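# A structural walkthrough
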Amino acid sequence: MIPFLDLKSPYLELKSEIDDAIARVVGSGWYIGGPEVDQFDADYAAYCETTHAVSVANGLDALHLALLAMDVGPGDEVIVPSNTYIATWLAVNQCGATPVPVEPVDATYNIDPARIEAAITPRTKVILPVHLYGQPADLDPILEIARKHGLQVLEDGAQAHGARYKGRRLGGHGDAVAWSFYPGKNLGALGDGGAITTNDPQIADRIRVLRNYGSRAKYVNEVKGFNSRLDPLQAAVLQVKLRHLDAWNARRKGIAAQYLEGLTGTSLVLPHVPDWADPSWHLFVVRHPQRDALAQRLAAAEIGTLIHYPIPPHRQRAYADAGFADDAFPRAGNMAHEVLSLPIGPHCEREHASRVIESVRKALV
Ligand SMILES: *Cc1c(COP(=O)(O)O)cnc(C)c1O
């Protein structure tokens, strides 16, 4: 059986380092905040080439608190991709604001910069592109539109740790990037975690206050804040895993190269990588009109696949109140019917990828 996702092998490879880190925290007597969290924040900022990283409890909170730090509130609009995981939209609603969906580019699955301006209104505050599947969104035209209209740019980097846009690491291109350390992400904790990176000291400062009950000094509360903290155990584990992120992303890239080569010439639509993109290969997503039949045949060949995502946010019952027609965002709708994610990860072996390629080729004839 080739699993879609293997979360145990990453731990086993780093077992002694991770066990030492956990023992250090457990023995320290310090279980919220403190030096382990500060160290991880410093490490992650350095990695992302930004002046600030502020860790929080999870990726959804990272998006939510970043939007609040950008002054997004009731009555405001935030431009989001129609094709994304629902967290991107939910963070906007959590601020009392409205997500305004924009369709993706067919080739990259990411928000289409050419469609953004038509969605801007006097209520728009922020553009929120997602680096979906670890493929960087085309940031330069987005930043240009934002400058022209006086908007801020928050990126959802939950799937894109370590990816580069035009040679520079994601983290400080826009006003801020929200990250998730959910276990299955490229940089994953042994539980929940998240962070925001930014070069804007005001955004960083606001989030540091918001994540800790709106408090800078103990028992002095400046704003109505939240409890959204990365705990020291996860911070210590993430310090270890961050040291291996580039090497593990390189292994993902190797598997992606193998798939791209081995699946060329089939009826699949393969990932398109623009020359300015260096993806993190969080997912390897192919497209086929008979996706369900393909997935069934692969399951029969004991190959795990998943669909990211089967129902776009505008068709979820959670958004019934927004009154979107089912076919309101046909590109996102079509993608949901055709996309299939093949196994990829730092512990997906070459032989496994070869077997996936062979099985996909057999399933398509
Ligand atoms: C995982 C993910 C999130 C949310 O992260 P959590 O840590 O699970 O809250 C947000 N956006 C995208 C695109 C994601 O993939």
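Quick look at the structure, then. Note that the structure is predicted; figures quoted are calculated from it, not measured. (Residues numbered from 1 in each chain as written. Predicted model: local features only at pLDDT ≥ 70, side-chain atom pairs only at ≥ 80, totals over all residues. Heavy atoms only, no water.)

## Side note on the side chain of Asn83
If you trace the backbone, Asn83 turns up in the loop between strand S2 (77–81) and helix H5 (87–94). Of the polar contacts made by the side chain of Asn83, one reaches the backbone oxygen of Tyr109; its length is 3.2 Å. When residues no more than four places from it in sequence are discounted, the contact partners of Asn83 are Pro104, Tyr109, Leu132, Tyr133, Ala332 and Met335. (Helix = DSSP H or I, 4+ residues; strand = E, 2+ residues; numbered from the N terminus. Polar contact = N/O pair within 3.5 Å; in protein donor to acceptor, adjacent residues only side chain to side chain. Contact = heavy atoms within 4.5 Å.)

## Examining the packing of helix H4 (residues 59–69) against helix H7 (residues 201–210)
For the pair H4 and H7, interaxial distance at closest approach is 9 Å and the crossing angle is 120 degrees. Regarding the angle of H4 to H7, the classification is oblique. In the packing of H4 onto H7, the handedness of the crossing is right-handed. Of the residues in H7, those touching H4 at Leu65, Ala66, Leu68 and Ala69 are Ile203, Arg206, Ile207 and Leu210. Taken together, the residues of the contact of H4 with H7 break down into seven nonpolar, no polar and one charged. (Axes fitted to C-alpha atoms, helices over the stretch in contact; angles between N-to-C directions. Parallel < 35°, antiparallel > 145°, perpendicular 65-115°, else oblique. Left-handed = near helix turned anticlockwise from the far one by under 90°. Nonpolar A, V, L, I, M, F, W, Y, C, P; charged D, E, K, R; others polar.)

## Looking at unusual backbone geometry
Of note, the bond from His308 into Tyr309 is cis; its omega dihedral lies within 30 degrees of zero at 10 degrees. With respect to the element layout, Tyr309 can be found in the loop between helix H10 (291–300) and helix H11 (330–338). The phi torsion at Tyr133 lies on the positive side, around 65 degrees, for a residue other than glycine. Located in the positive-phi region is Tyr219, a residue other than glycine, with phi close to 65 degrees. Given the relative accessible area of 73%, Tyr219 is considered exposed. (Buried < 20%, exposed > 50% of the residue type's maximum accessible area, 1.4 Å probe, protein only.)

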